[in-house]
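This is what each chain is made of:
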Amino acid sequence: MAAHLKKRVYEEFSKTVQIPHEEAPAKKLRLSKPSKSAALHIDLCKATNPTDALQYLLQFARKPVEVESVEGVIRILLEHYYKETDNSVRLKIASLLGLLSKTQGFSPDCIVDDAINTLNNEKSHQVLAQLLDTLLVIGTQLPESPAVRQRLIEMACKHLSDTYFGVRNKCLKLLGCLGTVDAPLTKDNEGVGTSLGGVRDVQSIISDYFGDQDPRVRTAALKAMLQLHERGMKIHEIIYDQACRLLTDDYEQVRSAAVQIVWVLSQLYPESIVPIPSSNEEIRLVDDAFGKISHMVSDGSWMVRVQAAKTLGSMLQVSPHFLEQTLDKKLMSDLRRKRTAHERAKELFTSGEFSSGRKWADDAPKEKLDRNTVYLIASGACGAFVHGLEDEMFEVRIAAVEALSQLARSSTSFAEKCLDFLVDMFNDEIEEVRLQSIHVLREISTHITLREDQLDTVLAVLEDSSRDIREALHELICYTNVSTKECIQLALLELLKNLNKYPTDRNSVWKCLKFLGSRHPTLVLPLVPELLSTHPYFDTPEPDMDDPAYIAVLVLVFNAAKSCPTMPALFSDHTFRHYVYLRDSLSHLVPPLRLPGLVDSRCSLGSVESAQLFLQQSLNRVSTIQNLEAPGAQDLLNFTIRDLRRLGELQTELAGAAEFCATYLRCQLLLMKALQEKLWNMAVPLCLKQNVTATAAAQQILEETYKLEFLYSGLESRQVATIHHVRLQAKALQLVLTARTRQGLDPLISSCEKFLQDIESFQRLFLAELPHLQDSFVDRLLELMPRLSSCKPVEMVKILQTTLRQSGLLQLRLPEQIHRATATIIEPTGESDNPLRFTTGLVVALDIDAMLEHVQDPQNTVKVQVLYPDGQSHVIHPKPGDFRKPGPDRHRLITQVYLSHTAWTEPSQIEVRLLLAYSSSSASLSSPLPASKLGWSDSIDSLSPPEAAVEGTIPLSKPVKVYIMPKPARR
């Protein structure tokens, strides 16, 4: 019984009760960034002296501040500003207020009242100036708040009477940047005047400070007026007299700004009539301003002289006699006021005296005029350009040359008169001045004809050691008109001397003679027997066709013969044979001529329109490839590629488009061969050779697509999408081949993930072009994208294999203009058998001269490759200064490459070529999906990473072989 009770007790007390488990609410974590304002407040409170506070503020200025923290930081700064007594700390706080107001996305309208209050209570002049600068920043950030701008203008007007020049400067700058037309100004009694209204008030207030005692304030007033003009406000004409008086200011910055104001007014009111001081005469405002600015070319400051000379070049509305006076130091009679016959007779009658004969020539006319004579232009302005061209500072001379160029282009008569002055500048001691003078004469060459003495001076520059000077002069002679056949003979003789002294100028001299002959056929005609050494009765020896001087003479004669049909009758038999040879070898220099018994194959070509039609028909014919069997389709592609490449050789205008289409079809042909039926129906061990061939084809397609993308300019988005589509097919082929040949699952998984990223990148980059890619490879992949993202790698490979074999040729649409980047190495020519000898361990400089066509950003993309016989390869990046731009889409590379190697037993050849560097990161860094496409749970972080950048180089020119011989060092 006791045992039974004990068991009952145990059962009662060991009873288990299960309480339903309630899930505890998940704790939410809130990530917060430390408050910038709190940190700043703590730092400033720790400062025990102004130096520490200033140090904390300097450290804070180096750290970025988020938009949401800006207002709190500004409040902390203002709180410490009111408590701070040190001027330097308050100055730094005022500067920080301006910097924080510029924060992107922050509207500073909430701190306008505080900034104005601090301005009203501030006593330090330096801090006042900084606060006004902060107000200017705030006003600039609030262009749509006229009330705020009006308050700021009133504050500027109130502090214009400050005794410190810096405060007045900032006030004037604020008026120039924020002054408006609509809002009237209201100023307190302590301002500079009573309430006025409109833009007239702003200009009158600013003009009041043209006469300030401080030259820095006068300069600030002039610049504020210029700022009003740049903002579209029309400056009043009444300011002209004040600006003219400032041209004689003692301070050079004032005179420089006054020159700009006078020029602005001359452009706004060119036909206004202004009186000449102390007379009844009146002239146009633009003429008066031109005379006053011409006078400033003789200013004591070279900076003002440069400013005045540059300004003269843009005054195209000035009268011709004022313009011509700048080339003569003596005052022309046209610019003196002439008395009428009645006035002269009245003066003679009132004098009552006639010549007595006692004094010699007392009645002769005198050059020196009396005080009543009125000059329409200041005597100091006479010969302004003569003074400018003879100035001791080369900057002034360059500015005068450029001004002459601008004025001469708009006036033929002035161009003829300034010709002698420009030719004299060819002898300047500074190379930059000589070069600029040559360029200017080239620009006005259509208005002038050179005399023999002028041409002699011009051709003397061909002795210059600078390549840039010589080539600029060759360019000038190309477009210059000469007057006599002696000029042609002189030019040819000097150019041949140049060719003999500087053989590297060969192409430039030939091009110069080409244009010289085509512009002067009638002057070349009487010189032909002498130039070709022909005789009416005797046979003369045949010249050597390897002589560059003889080729230069033939280029001159053949180009003149194009416009002179009687000239070929003077040619000898060997001249006709030489024409045929040069027409084939130098077709860009020798024109097609109608010669008896000769038919130029190049003249029988069709027009560009017919070639364009043939190109389009070839692409249309290829579009029918889907209906052909594999062998027939490959033959059609082969024949089309052959035709397109031949078309590019015959029609240089369509060379870029034809080569682009041929390369694209070549990619399609390689893809078609790699997807042959035989390869995919056999086991992998039985078709290892075919697998290697398909792998090489895929790699070649990738290389060709990079050439299509980066070697051609003028591509539209649709063509770029087509190129990336082919690249995606090649990557899919690589993935399938990798799965067939490589063992292991991990590499396959990473390859599949990389390919999925490529698909997403393609969709993101070319979203607008997807409608044009219907039924294409990528279109089918995007339809299968959900399945591809969730399937296993092996299944994904099978899907890609099936989709690749079912996808057809994507039709290529040609853009309007497409050009292929090309490069031609001019020097070295690779024809010399004399090796460059240098000592082992030292270097030798190899001069590189190359012409680049249609290369985008050559300073960053063009490199020079040197390949040595032992397989070593050096890639050199030329300096940006080595590139020149002689014309649109053309660049000239003139640089030096330093070679070095170990000792060789005999001379050997190295290869020099130009490479085009590319990086696919530019395409990958395009903008992601727009914000409107993202869902509420999406973020930028959830987007797939862009395609990894692929960097490489593309051969840009044909290799040139150069002999070198490293010699062992002497012991």
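This structure is a prediction, so every number in the text was calculated from the model and none was measured.

1. Re the overall build of the chain
At step 1: Scanning the chain from N- to C-terminus turns up 42 helices and 16 strands.
At step 2: When each of the 971 residues of the chain is scored for burial, the buried share is 46%.
At step 3: By sequence separation, contacts in the chain at least 24 residues apart represent 73% of the contacts at least 6 residues apart.

2. Some words on the packing of aromatic side chains
At step 1: Tallied over the full model, the rule gives 12 aromatic pairs.
At step 2: Between Phe558 and Phe571 the ring centres are 5.8 Å apart and the planes differ by 75°, which places this aromatic pair in the edge-to-face class. On the criterion of sequence distance, the pair formed by Phe558 in helix H29 (residues 548-561) and Phe571 in the loop between H29 and helix H30 (573-585) is long-range, its members being 13 residues apart. Grouping residues by exposure puts Phe558 and Phe571 together as buried.
At step 3: Relative to Tyr918, the ring of Tyr706 has its centre 5.1 Å away and its plane inclined at 20°; by these criteria the two rings are stacked. Of the two residues, Tyr706 is situated in helix H35 (residues 688-710) and Tyr918 in strand E14 (residues 908-919); the sequence distance between them amounts to 212 residues. Of the two residues examined, Tyr706 and Tyr918, each falls in the buried class.
At step 4: Members of the aromatic cluster, joined through ring pairs, are Phe558, Phe571, Phe576 and Tyr579.
At step 5: Directly above the aromatic system of Tyr479 lies the positively charged group of Arg442, at a separation of 3.8 Å from the ring centroid.
At step 6: Arg727 extends its terminal NZ or CZ atom over the ring of Tyr706, reaching a point 4.0 Å from the ring centre.

3. Looking at the sheet that holds strand E9 (residues 844-853)
At step 1: Taken together, 4 strands build an open sheet; the order of strands is E7-E9-E13-E12 and the sheet is antiparallel. With one partner strand each, in any of the chains shown, strand E7 (822-827) and strand E12 (883-887) form the two edges of the open sheet. For this sheet the average axis-to-axis angle between neighbouring strands, irrespective of direction, equals 30°.
At step 2: Bridging between E12 and strand E13 (residues 890-899) involves 3 bridges; their strand directions are antiparallel. Within E13, the residue paired with Phe883 across the bridge is Leu893.

4. Thoughts on helix H5 (residues 87-101)
At step 1: For H5, with 15 residues, the first-to-last C-alpha span of 21 Å sits near the 21 Å given by 1.5 Å per residue.
At step 2: The set of residues buried in H5 consists of Val89, Arg90, Lys92, Ile93, Ala94, Leu96, Leu97, Gly98, Leu100 and Ser101.
At step 3: Buried residues along H5 sit against helix H3 (50-61), helix H4 (67-83) and helix H7 (125-141).

5. Things to note about the pairing of E14
At step 1: Judged from the 6 bridges that link them, strand E10 (residues 862-867) and E14 form a sheet pairing that is antiparallel. Considered in E14, the bridge of Val862 is made with Leu916.
At step 2: Bridge count between E14 and strand E15 (residues 951-955): 5 bridges; the pairing is antiparallel. The residue of E15 that forms the bridge with Tyr918 is Gly952.

6. Some points on the pairing of strand E11 (residues 873-876)
At step 1: The pairing of E10 with E11 spans 4 bridges and is classified as antiparallel. Across the sheet, Val864 pairs through a bridge with Ile876, a residue of E11.
At step 2: Where E10 folds back on E11, the antiparallel hairpin that results is connected by 5 residues, among which Gly871 adopts a positive phi of roughly 95°.

7. Things to note about the pattern of salt bridges
At step 1: Applying the stated criterion to the full structure yields 37 salt bridges.
At step 2: Salt-bridge contacts for Lys417 lead to Glu324; the nearest nitrogen and oxygen are separated by 3.8 Å. Separated by 93 residues along the polypeptide, Lys417 in helix H20 (residues 412-417) and Glu324 in helix H16 (residues 320-325) bring together distant segments of the chain.
At step 3: Taking relative accessible area as the criterion, Lys417 reaches 40% and is therefore assigned partly exposed.
At step 4: Notably, a salt bridge pairs Glu494 with Lys497, separated by 3.8 Å at the nearest N-O pair.

8. Section: the packing of helix H26 (residues 506-519) against H29
At step 1: Running from N to C, H26 and H29 point in directions that differ by 25°, and their axes come no closer than 7 Å. It follows from the interaxial angle that H26 and H29 lie roughly parallel. Considering only the axes of H26 and H29, their crossing is right-handed. Facing Arg506, Trp510, Leu513, Lys514, Leu516, Gly517 and Ser518 of H26, the residues of H29 in contact are Pro548, Ile551, Ala552, Val555, Leu556, Asn559 and Ala560.
At step 2: Residue composition of the contact of H26 with H29, grouped by class: 9 nonpolar, 3 polar and 2 charged.

9. With respect to the side chain of Ser713
At step 1: Relative to the helices and strands, Ser713 resides in strand E5 (residues 712-713).
At step 2: Residue Ser713 is classed as buried on the basis of its relative accessible area of 11%.
At step 3: Excluding its chain neighbours within four sequence positions, the residues that come into contact with Ser713 are Gln817, Ile818, His819, His854 and Gln856.

10. Looking at helix H8 (residues 146-158)
The periodicity of an α-helix, 3.6 residues per turn, causes residues three or four positions apart to be oriented the same way.
At step 1: Taking 1.5 Å per residue, 13 residues should reach 18 Å; H8 reaches 18 Å between its end C-alpha atoms and fits that length.
At step 2: Those residues of H8 lying buried are Val148, Arg149, Gln150, Leu152, Ile153, Met155, Ala156 and Cys157.

11. Concerning the packing of H3 against H5
At step 1: Contact geometry for H3 and H5: axes closest at 9 Å, N-to-C directions at 15°. If you check the angle between H3 and H5, you find them roughly parallel. Seen from above, H3 lies across H5 with left-handed handedness. Residues Pro50, Ala53, Leu54, Leu57, Leu58, Phe60 and Ala61 of H3 form the contact with H5, whose participating residues are Ser88, Val89, Lys92, Ile93 and Leu96.
At step 2: Grouping the amino acids of the contact of H3 with H5 by side-chain chemistry returns 10 nonpolar, 1 polar and 1 charged.

12. Details of the confidence of the model for the chain
At step 1: When pLDDT is averaged along the chain, the result is 79; 81% of the residues meet or exceed 70.
At step 2: Per-residue pLDDT stays below 50 along residues 27-34; that stretch engages in 0 contacts with residues further than four places along the chain or on separate chains.

13. Things to note about the side chain of Asp214
At step 1: Relative to the helices and strands, Asp214 resides in the loop between helix H10 (198-208) and helix H11 (215-230).
At step 2: Discounting chain neighbours no more than four positions away, the residues touching Asp214 are Phe165 and Arg168.

14. Examining the environment of Ser207
At step 1: Counting through the fold element by element, Ser207 comes out in helix H10.
At step 2: Ser207 gets classed as buried once you look at its relative accessible area, which sits at 8%.
At step 3: If we skip the residues at most four places from it in the chain, Ser207 touches Met225 and Gln242.
At step 4: A polar contact is formed between the side chain of Ser207 and the backbone oxygen of Ser204, at a distance of 2.9 Å.

15. Side note on a negative patch on the surface
At step 1: Judged by side-chain charge, Asp544, Asp546, Asp547 and Glu831 come together as a negatively charged surface patch.
At step 2: Take Asp547: it is sitting in the loop between helix H28 (528-532) and H29.

16. Description of the environment of Ser107
At step 1: Turning to its location among the elements, Ser107 is positioned in the loop between H5 and helix H6 (112-121).
At step 2: In sequence terms Ser107 and Leu142 are 35 residues apart; their C-alpha atoms lie 7.5 Å from each other.

17. So, unusual backbone geometry
At step 1: Here Glu827 and Pro828 are connected by a cis peptide whose omega angle stands at 0°.
At step 2: Inspection of the secondary structure assignment puts Pro828 in the loop between E7 and strand E8 (836-839).
At step 3: With a phi close to 50°, Asp857 is a non-glycine residue in the positive phi region.

Parameters and conventions
- Residues numbered from 1 in each chain as written.
- Predicted model: local features only at pLDDT ≥ 70, side-chain atom pairs only at ≥ 80, totals over all residues.
- Heavy atoms only, no water.
- Helix = DSSP H or I, 4+ residues; strand = E, 2+ residues; numbered from the N terminus.
- Buried < 20%, exposed > 50% of the residue type's maximum accessible area, 1.4 Å probe, protein only.
- Contact = heavy atoms within 4.5 Å.
- Phe/Tyr/Trp six-rings, centres within 6.5 Å; stacked < 30°, edge-to-face > 60°.
- Lys NZ or Arg CZ within 6 Å of the ring centre and 35° of its normal.
- Pairing = 2+ DSSP bridges.
- Axes fitted to C-alpha atoms, helices over the stretch in contact; angles between N-to-C directions.
- Expected span 1.5 Å × (residues − 1).
- Salt bridge = Lys/Arg side-chain N within 4 Å of Asp/Glu carboxyl O.
- Parallel < 35°, antiparallel > 145°, perpendicular 65-115°, else oblique.
- Left-handed = near helix turned anticlockwise from the far one by under 90°.
- Nonpolar A, V, L, I, M, F, W, Y, C, P; charged D, E, K, R; others polar.
- pLDDT = per-residue confidence, 0-100.
- Polar contact = N/O pair within 3.5 Å; in protein donor to acceptor, adjacent residues only side chain to side chain.
- Patch = residues over 30% accessible without salt bridge, like charges linked within 9 Å, V, L, I, M, F, W, Y side chains within 5 Å.
- Areas by Shrake-Rupley, 256 points an atom, 1.4 Å probe, with all protein chains shown as cover.
- Lys, Arg positive; Asp, Glu negative; His and termini not counted.
- Charge placed at Lys NZ, Arg CZ, Asp CG, Glu CD.

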